[in-house]
Amino acid sequence: MAGLLYALLSLGAFALLAGIILAIAQKVFHVEGDPMAEKIDALLPQTQCGQCGYPGCKPYAAAVAGHEADVNHCVPGGERTMLAIADLMGVEPKAVEQEAAAPMVAFIREDECIGCTLCIKACPVDAIVGAPKQYHAIIADHCTGCELCVEPCPVDCIDMLVKPELIEHWAWPLPETRRSRIGHERREQHAGHA
Amino acid sequence: MPAMLRNLAQRLGMMAHSFVGGIHPPQHKLSAGLKSELCPLAPLHIMPMKQHIGVACSPLVAVGDRVLRGQKIAKSEGYVSVPVHAPTSGRVVRIGDHAIPHPSGMGIPSIFIETDGDDAVDESLAPLADWRSMEPALLRERVRMCGLAGLGGAVFPTFIKLVQDARFPIETVILNGIECEPWLTSDHCLMLEYADEILAGLAIIMHMVKTDAAIIAIEDNKADAAAVLQQALEARDDLADVRVVVLPTRYPQGGEKQLIYTLTGREVPAGKLPMHIGVLCQNVGTTRALYQAVMQGRPLTERMVTVSGDAMPRPGNLLVRIGTPMRHVFAQRGLDVFEQVRLLHGGPMMGELLRHPDLPVVKSTNGMLAMREPTFMAAHQPEQPCIRCGHCSEACPAGLVPNLLADQCRSDQFERAESYNLFDCIECGACSYVCPSHIPLVHYFRYGKGQIAQQRREKHFAEESRGRSEAREMRIEQEKQARAARRSSVRAAHVGQSDDGSADAAGEEKKD
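For clarity, every value in this text was computed on a predicted model and none was experimentally measured. (Residues numbered from 1 in each chain as written. Chains lettered and ligands numbered in written order. Predicted model: local features only at pLDDT ≥ 70, side-chain atom pairs only at ≥ 80, totals over all residues. Heavy atoms only, no water.)

Novice: How should the overall build of chain B be read in this particular structure?
Specialist: On a plain count of helices and strands, chain B comes out with 14 helices and 17 strands. Taken over the C-alpha trace, chain B has a radius of gyration of 30 Å; the compact-globule value for 512 residues is 24 Å, which it surpasses by more than 25%. C-alpha extents for chain B along the principal axes are approximately 125 × 60 × 50 Å. Counting over 512 residues, chain B shows a buried share of 52%. The contacts of chain B with a sequence gap of at least 6 include a subset with a gap of at least 24, amounting to 72%. Surface accessibility of chain B: about 22900 Å² in total, with carbon and sulfur atoms responsible for 54%. The centroid of the 55 positive side-chain charges in chain B is displaced by 2 Å from the centroid of its 59 negative side-chain charges. (Helix = DSSP H or I, 4+ residues; strand = E, 2+ residues; numbered from the N terminus. Rg over C-alpha atoms; globule rule 2.2 N^0.38 Å. Buried < 20%, exposed > 50% of the residue type's maximum accessible area, 1.4 Å probe, protein only. Contact = heavy atoms within 4.5 Å. Areas by Shrake-Rupley, 256 points an atom, 1.4 Å probe, with all protein chains shown as cover. Lys, Arg positive; Asp, Glu negative; His and termini not counted. Charge placed at Lys NZ, Arg CZ, Asp CG, Glu CD.)

See below:
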């Protein structure tokens, strides 16, 4: 009987000690925010376009991290982003619903602009400069092509143009050999099933 | 000697230093020893706004302006950039996009100059004959103003290399007269004909970086050039500590890192420059252009170009004005039908295939080759599976494992390729040359490098966008708080006033 009591007491004391250590550790090593959401946010293209159904990249990342959203809703990110998120989350990849369009950039036809500042308020990355009753202009290097400025414009003077291809950004394509194509396709298939 | 044996011998100190790997392609130096000729002026010159590594220039002239030879027509828009100069006198007829020798076949903004035939020279830059008493910084500015970029083919702005950094004093200047690409003979020709000017340029460079030691490196297939330079060297008394070193011919000996290791036994660390190990490496053509810039006040407006190839009726070395259409240059040597001919810009190992001859000669044009289809390197052979023979690893001058890297690039495993030092590859083409399976290895590396660069660019842009979006959210939040604070303060004031008023009224009521 005494042996049993001794065992219970020592185990209880040990559990108490472990509980105290854990409680302290939780205070000391507390992490602000959701690290998983931040990691996912780092993978997203940051266009802030809202095509995923969330009001920006960070909310979508938080939703994915909380298993509320699927991994395949980022349209501009395309398949590569989807695979990266699926890999990070350790979930099965899902087919991307919508093909990513060519990178676009917004352009304001200045002679039609009435200077209403509605697009400036809509732009998620502050890529539009202008003031009330002054022409507005897009900083092309900052524009993510999210199209959020097109809808609010009352005179419809914003065009989405295909981003001009720069010779400095040109990259070599894969060599045009049968083996290179086979190798590439195999890798893509493999990535899709990983 | 097999690479393994050579490595062993070097490690044991039985041999002088020599870069690892390398190959011995057939030389085909058809135009070697031929006297250089002046290429007649073309009726139209096309000057692309970017002919160097770095930032593109912006035009300083407008359509209709008359320009003189050597007049600055475009100014640099950044530090890593050099201006562009008019190659001859004439009138600006158009400013617009034109294709340049680039694998993409894309065009960049260019200035079109119609030649007037006078070839009048802009004399605004005075010769600096007393450079010995001048500050290196002033000479460096002259080198920049004259638009000098490495004429060996890499076209890195020359003035950047000539910087004096107290942390990295230059001990040795290496004059690169290796010209290891098959077919090309432009540097060879320059060394034979302009040895004095090259040595004068070398003396200026040595003054600029404050060193007395220099090595002139020449391969043994150009023994005549070595003899001429040796003779010219003996005639000068100010270059006592300069040696002419003749190296056994091996490709790619002329690669900067390879040459530095062979001559000094020092390796340029990955991602670093030769100046970090106290070495400055200059091409002989650039050195002569530097002589012209300093001693004659002449900006870079012409260069030596080897026009050769097995489909070229009369190979030769031509002094060509920059901006001359290639079609015009080819016509000088009897080639004007371009069917069944493959055109190359640069040598066959590192040069790029051109789609058509309607491109201008630029600062990097060290050679223009016309090849018959069947003799052009293995590119037309179908790619076979790798048989793991290891020849590519033996040939690689950077000590990489090309077959592994190619597999990684082909299957988009870019992080892994990077960890296997993909970016140490100098794209010399030795691995593709020796591959018995005709795998276009270098092409895979270029694909991999391009994709990695693109991913880095996208990541950088995403990070900047995130920053902008977070800054905007913070601003909106602050504005909201400021508005709320203002509202509550106004309300508080208002409430306070009305409280006072009611209290007064109550008091009055009481009084009443």
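From this point on, the discussion continues.
Novice: Just checking my understanding: could you explain the UniProt feature "domain: 4Fe-4S" (unreviewed entry) in chain A for this structure?
Specialist: As recorded in UniProt, the feature "domain: 4Fe-4S" (unreviewed entry) lies at residues 32-91 of chain A. For residues 32-91 of chain A, helix accounts for 50% and strand for 0%, while the C-alpha atoms at its two ends are 25 Å apart. (UniProt positions renumbered as here; feature names shortened; annotations may be inferred.)

Novice: Mind showing me how you'd approach the nonpolar core here?
Specialist: Nonpolar side chains in soluble globular proteins generally cluster together in the buried interior. Residues and elements named next belong to chain B. In this structure, Ile73, Val173, Leu202 and Ile216 are the most contacted members of the largest nonpolar core, which totals 66 residues. Looking at which element gives the most residues to this core, the answer is helix H5 (residues 195-209), with 10 residues. Ignoring any residue separated from it by four or fewer positions in sequence, one finds Val173 in contact with Leu202, Ile205, Met206, Val209, Thr211, Ala213, Ala214, Ile215 and Leu280. (Core = buried A, V, L, I, M, F, W, Y, C linked by side-chain atoms within 4.5 Å.)

Novice: Looking at this structure, I do not really get the UniProt feature "binding site: [4Fe-4S] cluster 1" (unreviewed entry) in chain B. What am I missing?
Specialist: Residues and elements named next belong to chain B. Residues annotated in UniProt with the feature "binding site: [4Fe-4S] cluster 1" (unreviewed entry) correspond here to Cys386, Cys389, Cys392 and Cys435. A maximum C-alpha distance of 10.6 Å is found for the annotated residues, which run over 50 residues; spatially they form one tight group. Position of Cys392 among the secondary structure elements: in helix H10 (residues 391-395). In this structure, Cys392 is in contact with Pro402, Asn403, Cys431, Val434 and Leu441, ignoring residues within four places of it in sequence.

Novice: Would you explain helix H3 (residues 57-65) of chain A in this entry?
Specialist: Side chains three or four residues apart in an α-helix point the same way, a direct result of the helix having 3.6 residues per turn. Residue and element names in this part refer to chain A. If you check which residues of H3 are buried, you get Cys57, Tyr60, Ala61, Ala63, Val64 and Ala65. Contacts made by the buried residues of H3 are with helix H2 (35-43) and helix H4 (78-89). Positive backbone phi, at 60°, marks His67, one or two positions downstream of H3.

Novice: Would you mind showing me how to read the UniProt feature "binding site: [4Fe-4S] cluster 1" (unreviewed entry) in chain A here?
Specialist: Residues and elements named next belong to chain A. According to UniProt, the "binding site: [4Fe-4S] cluster 1" (unreviewed entry) feature falls on Cys49, Cys52, Cys57 and Cys74. These annotated residues cover 26 residues of sequence, and their C-alpha atoms all fall within 9.3 Å of one another, placing them together at a single site. Among the secondary structure elements, Cys49 is positioned in the loop between H2 and H3. On the basis of relative accessible area, Cys49 is assigned to the buried category, the value being 11%. Not counting residues up to four positions away in its chain, the partners in contact with Cys49 are Pro76, Cys146 and Leu148. Mapped onto the elements of the fold, Cys57 is located in helix H3. Ignoring anything within four residues of it in the chain, the contact list for Cys57 reads Asp41, Leu44, Gln46, Thr47 and Gln48.

Novice: I'm lost on the interface of chain B and chain A in this one. Help?
Specialist: Interfaces are often sized by the accessible area lost when the parts come together. Opposite the 36 residues of chain B that make contact, chain A presents 36 residues. One salt bridge in this structure joins Arg472 of chain B and Asp126 of chain A, with 3.9 Å as the shortest N-O distance. Summed over the shared surface of chain B and chain A, the number is 10 residue pairs in polar contact (both at pLDDT 80 or more). The set of elements that each furnish at least two residues to the side of chain B that touches chain A consists of strand S8 (107-115) and helix H14 (441-511) of chain B. For the side of chain B that touches chain A, the leading source of residues is H14 of chain B, giving 20 residues. Grouping the constituent residues of the side of chain B that touches chain A by class yields 10 nonpolar, 13 polar and 13 charged. (Salt bridge = Lys/Arg side-chain N within 4 Å of Asp/Glu carboxyl O. Polar contact = N/O pair within 3.5 Å; in protein donor to acceptor, adjacent residues only side chain to side chain. Nonpolar A, V, L, I, M, F, W, Y, C, P; charged D, E, K, R; others polar.)

Novice: Mind showing me how you'd approach the domain arrangement of chain A here?
Specialist: All names here are of chain A. Each assigned domain of chain A is listed here: domain 1 (35-89) and domain 2 (104-165). Its C-alpha centre places domain 1 at a distance of 25 Å from the equivalent point of domain 2. On the domain 2 side, the residues contacting the four residues of domain 1 number five residues. Roughly 340 Å² of surface becomes buried between domain 1 and domain 2 when both sides are summed, with 60% attributable to carbon and sulfur atoms. Broken down residue by residue, the surface that domain 1 buries against domain 2 is led by Thr47, Gln48 and Cys49, which jointly contribute 87%. Inspection of the region where domain 1 meets domain 2 yields zero salt bridges. Taken together, domain 1 and domain 2 are joined by one residue pair in polar contact (both at pLDDT 80 or more). Here the side of domain 1 that touches domain 2 is composed, by residue class, of one nonpolar, three polar and no charged. (Domains from an automatic or database assignment. Buried area = accessible area lost by both parts, 1.4 Å probe.)

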